[in-house]
Amino acid sequence: MAFAQAYQIASTSLPLSPDEKRDMQWRLGMTNKLAPQLQGVLFAESVVHSAKFSPDGKRVVLMHRSNGTVRVWDPVTCQPVTVPLKHPGPMIEVVFSPDSQKLFTAISFQGQSSLRCWDIATGKEIAKTPINGRLSALVINHTGTQVAAASLVQGLLRGSGEVQLFDTRVLEKVGTPIEVAGGVSAALAFSPNDELLAVGTLNPKTSAVIYKTSDRSVLSEVASLQDHTTHDVAFDPDGAKLA
């Protein structure tokens, strides 16, 4: 079975390379040489729940959420770049640094959450830090200096939530957490200039809240048209609009 076919069956998402070309090769099964290298990962280590290209398009990370494993691959040579990076619980999110040199992973297990930073060249863990509450989202800013982690700190659905910023070099907290009434969803995004942070909420009256990253004050709130959870948010390229 070609990798593209196996991946479409086993994964819940397909990646898009930065040049918007490589994913089409995978979808059409044009890179059949991937199959013998990756089928074992797809079906032996557990189902691949997501895949992401690095910003430079030279790496792809596969996340096996159920067994807490991620691994970075070279999509051209079909060879692993790192050993399996194992975690003591189910994966929640994985993101590359903007320079494609580091990987940030987050887990939430048995009421405890944590954030880790990995060096892709060595496959070694650089830093680790606990996160308060049950993690729901993770995003890194465009300059690669800060990573934001959103979590529920009370209750399962309508509890309160918070967003904590961390310095990406050593994963130290940057300031106090942003408190979000009603809880936070999996929607989290920095504006292109990193001056704003949009946070999706579980509040039935508010879809998202936009904060200033400088002082964590509220810039504006996006009213909810329906009582639905916001699953994703994104700024347009100039940062003037939010979807």
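Only a predicted model underlies this, so the values are computations on that prediction, with no experimental measurement involved.

**Some words on the environment of arginine 169**
Assignment of secondary structure puts arginine 169 in the loop between β11 (161–167) and β12 (178–180). Residues arginine 169 and cysteine 117, spaced 52 residues apart in sequence, show a C-alpha to C-alpha distance of 8.6 Å. Each residue touching arginine 169, except ones within four places of it in the same chain, is listed here: Lys102 and Ile126.

**Notes on the sheet that holds strand β15 (residues 206–212)**
Sheet strands associate in pairs through backbone hydrogen bonding, adopting either a parallel or an antiparallel arrangement. The strand order across the open sheet built from four strands is β13-β14-β15-β16, with neighbouring strands paired in antiparallel fashion. Sheet topology places β13 (184–190) and β16 (218–223) at the edges, where each strand pairs with a single neighbour. In this sheet, neighbouring strand axes are inclined to one another by 20° on average, regardless of whether the strands run parallel or antiparallel.

**Focus on the side chain of serine 114**
Within the element layout of this structure, serine 114 appears in strand β7 (residues 112–119). With a relative accessible area of 12%, serine 114 lands in the buried category. A polar contact is formed between the side chain of serine 114 and the side chain of arginine 116, at a distance of 2.8 Å. Excluding residues within four positions of it along the chain, serine 114 makes contact with Thr105, Ala106, Ile107, Thr129, Pro130 and Ile131.

**A short note on the pattern of salt bridges**
Tallying each qualifying case throughout the model produces four salt bridges. For lysine 52, the salt bridge goes to glutamate 93, with nearest N and O atoms at 2.8 Å. Placement of the pair is lysine 52 in strand β1 (residues 50–53) and glutamate 93 in strand β5 (residues 91–96), with a sequence separation of 41 residues. Since its relative accessible area comes to 29%, lysine 52 is described here as partly exposed.

**What to know about the pairing of β13**
The side chains of a regular strand alternate between the sheet's two faces. Counting buried positions along β13 yields six of seven residues, so the element is predominantly enclosed. As paired strands, β13 and strand β14 (residues 196–201) are joined by four bridges and run antiparallel to one another. Opposite alanine 189, over in β14, you have alanine 198 as the bridge partner. Adjacent in sequence and paired antiparallel, β13 and β14 are bridged by five residues, among which aspartate 194 carries a positive phi angle near 65°.

**Examining the nonpolar core**
Judged by nonpolar contacts, the single largest core of 15 residues is most densely connected at Ala148, Val163, Val180, Leu188, Leu197 and Val199. Put simply, the parts of the chain that give this core at least two residues each are β9 (134–140), β10 (146–152), β11, β12, β13, β14 and β15. Per element, the largest residue contribution to this core is three residues, and it comes from β13. Of all hydrophobic cores here, the second largest spans 14 residues; its members include Leu115, Ile140, Val147 and Ala149.

Procedures and definitions
- Residues numbered from 1 in each chain as written.
- Predicted model: local features only at pLDDT ≥ 70, side-chain atom pairs only at ≥ 80, totals over all residues.
- Heavy atoms only, no water.
- Helix = DSSP H or I, 4+ residues; strand = E, 2+ residues; numbered from the N terminus.
- Contact = heavy atoms within 4.5 Å.
- Pairing = 2+ DSSP bridges.
- Axes fitted to C-alpha atoms, helices over the stretch in contact; angles between N-to-C directions.
- Buried < 20%, exposed > 50% of the residue type's maximum accessible area, 1.4 Å probe, protein only.
- Polar contact = N/O pair within 3.5 Å; in protein donor to acceptor, adjacent residues only side chain to side chain.
- Salt bridge = Lys/Arg side-chain N within 4 Å of Asp/Glu carboxyl O.
- Core = buried A, V, L, I, M, F, W, Y, C linked by side-chain atoms within 4.5 Å.

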